[in-house]
Amino acid sequence: IGENKDKPYLLYFNIFSCVLTTDIITITQNGLACPTPQVCVSSCPEVPWTVETDQLSQSVGQVFYAANRNFCLPGVPGDMQVLQSLRQELCPSFLLPSTPALGRCFPWSNSTVPKLPGISNTSIAQGISGLLDSLNARDISVKVFEDFAQSWYWILIALGVALVLSLLFILLLRLVAGPLVFVLIIGVLGVLAYGIYHSWEEYRVLRDKGASISQLGFTTNLSAYSSVQETWLAALIVLAVLEGILLLMLIFLRQRIRIAIALLEEASRAVGQMMSTMFYPLFTFVLLLVCIAYWGMTALYLATSGQPQYVFWAPNVSLSGCEHVPMNTSCNPMDQPVNSSCPGLMCVFQGYLSTGLVQRSLFNLQIYGVLGLFWTINWVLALGQCVLAGAFASFYWAFHKPQDIPTFPLSSAFMRTLRYHTGSLAFGALILTLVQIARVILEYIDNKLRGTQNPMARCIMCCFKCCLWCLEKFIKFLNRNAYIMIAIYGKNFCVSAKNAFMLLMRNIVRVVVLDKVTDLLLFFGKLLVVGGVGALSFFFFTGRIQGLGKDIESPQLNYYWLPMMTSILGAYVIANGFFSVFGMCVDTLFLCFLEDLERNDGSVDRPYYMSKALLKILGKKNEVPPGDKRKK
């Protein structure tokens with residue numbers, strides 16, 4: 001089109017700029033392109049050439065146009081001096097033999113190149129690699145933007161479907177919790193039974209063939225062990241033991257499983273009475289974004305608080321006038337270059353000064369910032385747990401439901417937590433933060449010493465990391481239950497943590513059964529939501545759902561997996577947020593249930609607050625006050 005109609009190829013004046021520019025900010029400002037002049041040409045250069053010293057005083061017409069080197073920018077007059085055109089970067093100072101590819105002229109990596117400092121076959125290869133990276137980054141970024149522009153509303157619809165599915169699953173648990181749990185348990189038993197059958201069939205076939213591990217010997221090819229009978233015999237024994245243990249647990253722990261199911265149904269009713277609690281994770285998410293954004297801005301200000309360093313740089317130091325320029329030496333960007341005769345001489349940013357007392361102080365401030373980030377994040381999460389626990393505890397301890405439930409249970413719990421329990425939450429968050437910082441330090445040391453450790457040192461490091469991981473999990477478990485006790489009784493963190501731990505230890509079997517049943521149910525719920533949204537997204541974005549009409553056609557995409565994976569990730573985040581609230585509800589009601597059992601006896605003065613279903617399972621009942629026919 002226009003004057004470039006017969007010029008289908010793009011020539012880069014200095015392809016080595018694609019390698020020299022490593023600053024991500026500069027690359028972005030240049031639009032993911034190499035910072036060198038580019039011109040459309042009808043054919044790529046076929047022979048190497050560079051401007052000679054005696055040609056600098058000649059005209060562009062004599063050096064370029066007369067020799068059929070039409071590689072200058074459009075509009076360069078033929079009477080312009082070559083030296084002036086090079087200084088203004090209007091014409092190339094050298095040419096490399098190139099071949100056309102992807103609409104651009106790529107130099108030959110094994111060709112004879114001009115004798116210029118800094119140019120070799122290796123640097124040519126690096127320049128081509130940098131050019132391809134910039135092309136790929138720009139092309140992929142445009143395609144990604146196009147895909148999101150075409151499918152953003154369909155992604156929002158998929159996220160809405162995930163939200164509705166999560167909410168319906170939780171609300172319907174009051175009706176289907178019992179059958180669903182037993183179906184899942186039977187499914188696990190069926191999978192184990194099939195595994196036993198398959199292992200027996202494989203073992204029988206290999207036994208008849210006489211395939212034994214003694215014939216195979218030791219090998220690093222793990223897949224080879226599937227062809228020996230001992231492997232399938234071991235699998236058969238393990239699966240049979242697991243099947244037997246699960247059957248025994250169903251027989252002897254059926255009463256506790258019924259209690260767990262009743263608590264799940266009660267949790268579903270509690271969430272139905274307090275629908276606002278399902279959207280509280282959005283508030284927690286906003287607070288976490290504020291904390292992370294504040295830390296990011298503070299860290300960025302600290303990182304750029306040092307003394308910037310600028311150095312001289314030129315695209316081609318072999319040109320006339322650049323011989324005596326002190327390259328890579330300090331300069332002032334506000335001043336003009338001392339030697340302006342060097343074409344393209346610039347004072348460029350190299351980095352920030354990394355030595356000195358000020359820099360050491362800034363590093364210490366960065367450490368404090370990271371510590372504060374961990375502490376504030378853990379405090380925000382603790383705030384969410386304590387607020388939800390307070391709201392759900394008010395549901396359990398309401399004797400007549402829903403009449404005795406507070407009008408605004410979530411906002412009341414939030415204000416009560418901020419007013420009375422901020423210090424307790426901060427103390428619990430600090431304990432968890434110290435453990436997490438210790439884990440980070442250990443990971444840093446392990447990363448720095450990797451490759452220089454002997455097997456014994458690696459084993460010790462692995463043991464330390466495992467111990468700290470277990471300690472972090474225990475602290476999180478203890479803090480979670482301590483926050484529930486804080487929400488119920490309002491006592492300090494240490495007393496609440498001790499009381500919660502002792503209460504759970506006195507009912508350890510119930511704790512394990514409820515935890516595993518809840519995990520199984522919530523895992524199935526997440527699988528249902530994420531799998532359903534993922535399947536719908538796959539069939540829709542790949543165009544495999546036909547007959548929906550013109551208004552519901554799948555968009556034309558470059559990468560169909562991009563909106564699909566975005567929908568799946570968003571569905572997982574939504575499901576995880578909803579089910580985390582439900583899990584907190586189950587844990588709160590469970591602790592309230594245990595407290596109810598220990599504090600009350602069903603008398604008129606100390607009636608049980610649990611539901612009728614739990615009273616029936618436990619074989620307990622409340623005494624009826626004289627003259628009052630209402631029963632709990």
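On a predicted model such as this, the values are computed, not experimentally measured, just so you know. Per chain, residues are indexed from 1 in the order of the written sequence. The predicted origin of the model limits local features to residues at a pLDDT of at least 70 and limits the giving and counting of side-chain atom pairs to 80 or more, whereas totals for whole chains, interfaces and linings rest on all residues. Remark: hydrogens and water are excluded; side-chain values derive from all non-hydrogen atoms of the structure.

A. Representation of the environment of valine 380 within the structure. Here a helix means four or more residues in a row that DSSP labels H or I, a strand means two or more in a row labelled E, and each is numbered from the N terminus. Tracing the chain through its elements places valine 380 in helix α10 (residues 357-396). With 93 residues separating them along the chain, valine 380 and leucine 287 place their C-alpha atoms 6.9 Å apart. What valine 380 contacts, discounting residues up to four positions off in sequence, is Thr284, Leu287, Leu288 and Cys291. The contact criterion used throughout is that any non-hydrogen atoms of two residues lie within 4.5 Å.

B. Examining the nonpolar core more closely. Definition of nonpolar core: a set of buried residues of the types Ala, Val, Leu, Ile, Met, Phe, Trp, Tyr and Cys, connected through side-chain atoms within 4.5 Å. To sort residues, take the accessible area from a 1.4 Å probe on protein chains only and compare it with the maximum for the residue type: under 20% means buried, over 50% means exposed, and anything in between is partly exposed. Leu264, Phe392, Phe582, Phe590, Phe593 and Met610 are the most contacted members of the largest nonpolar core, which has 86 residues in total. Ranked by the residues each element gives to this core, the list is headed by helix α16 (residues 561-599), at 17 residues. Excluding anything up to four places from it in sequence, phenylalanine 582 contacts Ile170, Leu173, Leu264, Ala267, Ser268, Val271 and Leu522. Counting 22 residues, the second-largest nonpolar core is a separate cluster that includes Val39, Val60, Val63 and Val76.

C. Main features of the state of the cysteines. Any cysteine sulfur atom paired with another within 2.5 Å is treated as part of a disulfide. One pass over the structure, following the stated rule, counts 2 disulfides. Residue pairing for cysteine 44: its cysteine sulfur links by disulfide to cysteine 105, the two sulfurs lying 2.1 Å apart. A torsion of -85° about the S-S bond marks the disulfide between cysteine 44 and cysteine 105 as left-handed. Of this pair, cysteine 44 sits in the loop between β2 (38-41) and β3 (49-50) while cysteine 105 sits in strand β6 (residues 104-107), and the two are 61 residues apart along the sequence. In this pair, the class of cysteine 44 matches that of cysteine 105, namely buried. Note on cysteine connectivity: cysteine 72 is disulfide-linked to cysteine 91, with sulfurs 2.0 Å apart. The disulfide joining cysteine 72 to cysteine 91 has a torsion of about 115° about its S-S bond and is therefore right-handed. Of the two residues, cysteine 72 is situated in the loop between α3 (60-65) and α4 (82-87) and cysteine 91 in the loop between α4 and β4 (94-95); the sequence distance between them amounts to 19 residues. Not engaged in a disulfide, the cysteine cysteine 40 finds its nearest cysteine sulfur in cysteine 105; these two sulfurs lie 9.8 Å apart.

D. Summary view of the packing of helix α8 (residues 254-273) against α16. For the pair α8 and α16, interaxial distance at closest approach is 9 Å and the crossing angle is 120°. Accordingly, the angle class assigned to the pair α8 and α16 is oblique. Here α8 runs over α16; the crossing is right-handed. Contact with α8, carried on its side by Ile259, Leu263, Leu264, Glu266, Ala267, Ser268, Ala270 and Val271, involves Phe582, Cys585, Val586, Leu589, Phe590 and Phe593 of α16 and no other residues of that element. Here the residues of the contact of α8 with α16 are counted per class, giving 12 nonpolar, 1 polar and 1 charged. Axis lines are fitted to C-alpha atoms, over the contacting stretch for helices. Their N-to-C directions set the angle, which ranges from 0 to 180 degrees. Convention used here: angles under 35 degrees read as roughly parallel, angles over 145 as roughly antiparallel, angles from 65 to 115 as roughly perpendicular, and any remaining angle as oblique. Crossing handedness is read from the near helix: turned anticlockwise from the far helix by less than a right angle, it gives a left-handed crossing, and turned clockwise, a right-handed one. Classification used: nonpolar for Ala, Val, Leu, Ile, Met, Phe, Trp, Tyr, Cys and Pro, charged for Asp, Glu, Lys and Arg, polar for all others including Gly.

E. Spatial organisation of the confidence of the model for the chain. Confidence scores per residue from the predictor, reported as pLDDT, run from 0 to 100. For the chain, mean pLDDT is 81; residues scoring 70 or higher make up 83% of the total. Predicted confidence is poor over residues 20-32, with pLDDT under 50, and the contacts of this stretch with residues over four places away or in other chains come to 13 contacts.

F. Structural view of the packing of aromatic side chains. Centre distance within 6.5 Å is the pairing criterion for rings of Phe, Tyr and Trp, where only the six-membered ring of Trp is used; planes under 30 degrees apart are then read as stacked, over 60 as edge-to-face, and the remainder as tilted. A full pass over the atoms with the stated rule returns 17 aromatic pairs. The interplanar angle of 70° and the centroid separation of 5.7 Å between the aromatic rings of phenylalanine 169 and phenylalanine 579 together place this pair among those described as edge-to-face. Here phenylalanine 169 is found in helix α5 (residues 121-209), whereas its partner phenylalanine 579 is found in helix α16, with 410 residues between them in sequence. On the basis of relative accessibility, which here comes to 10%, the residue phenylalanine 169 falls in the buried class. We classify phenylalanine 579 as buried; its relative accessible area is 2%. For the ring pair phenylalanine 283 and phenylalanine 414, a centre distance of 5.6 Å and an interplane angle of 85° mean the geometry is edge-to-face. Pair noted here: phenylalanine 283 is in helix α9 (residues 280-303) and phenylalanine 414 is in helix α11 (residues 409-420), with a separation of 131 residues, a long-range link. An aromatic cluster is defined as three or more aromatic residues linked by ring pairs; in this entry it consists of Trp152, Tyr153, Trp154 and Phe540. Over the face of the ring belonging to phenylalanine 395 we find lysine 401, whose NZ or CZ atom lies 5.5 Å from the ring centre. The rule is short: NZ of Lys or CZ of Arg within 6 Å of the ring centre and within 35 degrees of the ring normal puts a charge over the ring.

G. Local environment of unusual backbone geometry. With an omega dihedral of 0°, the bond running from lysine 401 to proline 402 counts as a cis peptide bond. In this fold, proline 402 is placed in the loop between α10 and α11.

H. Region of interest: the pairing of β6. Residue alternation in β6 divides its side chains into two sets, Arg104 and Phe106 and Cys105 and Pro107, and both sets are buried. Bridge count for strand β5 (residues 98-101) against β6 is 4 bridges, and the pairing is antiparallel. Paired with serine 98 across the bridge in β6 is proline 107. Whether two strands pair depends on DSSP finding at least two bridges between them.

I. Quick look at the packing of helix α13 (residues 455-489) against helix α14 (residues 493-506). Interaxial distance between α13 and α14 falls to 8 Å at its minimum, and their mutual angle equals 105°. Between α13 and α14, the angle falls in the class roughly perpendicular. Of the residues in α14, those in contact with Phe474, Phe477, Leu478, Asn479, Asn481, Ala482, Tyr483, Met485 and Ile486 of α13 are Phe493, Ser496, Ala497, Asn499, Ala500, Phe501 and Leu504. Residue classes in the contact of α13 with α14 are distributed as 12 nonpolar, 4 polar and no charged.

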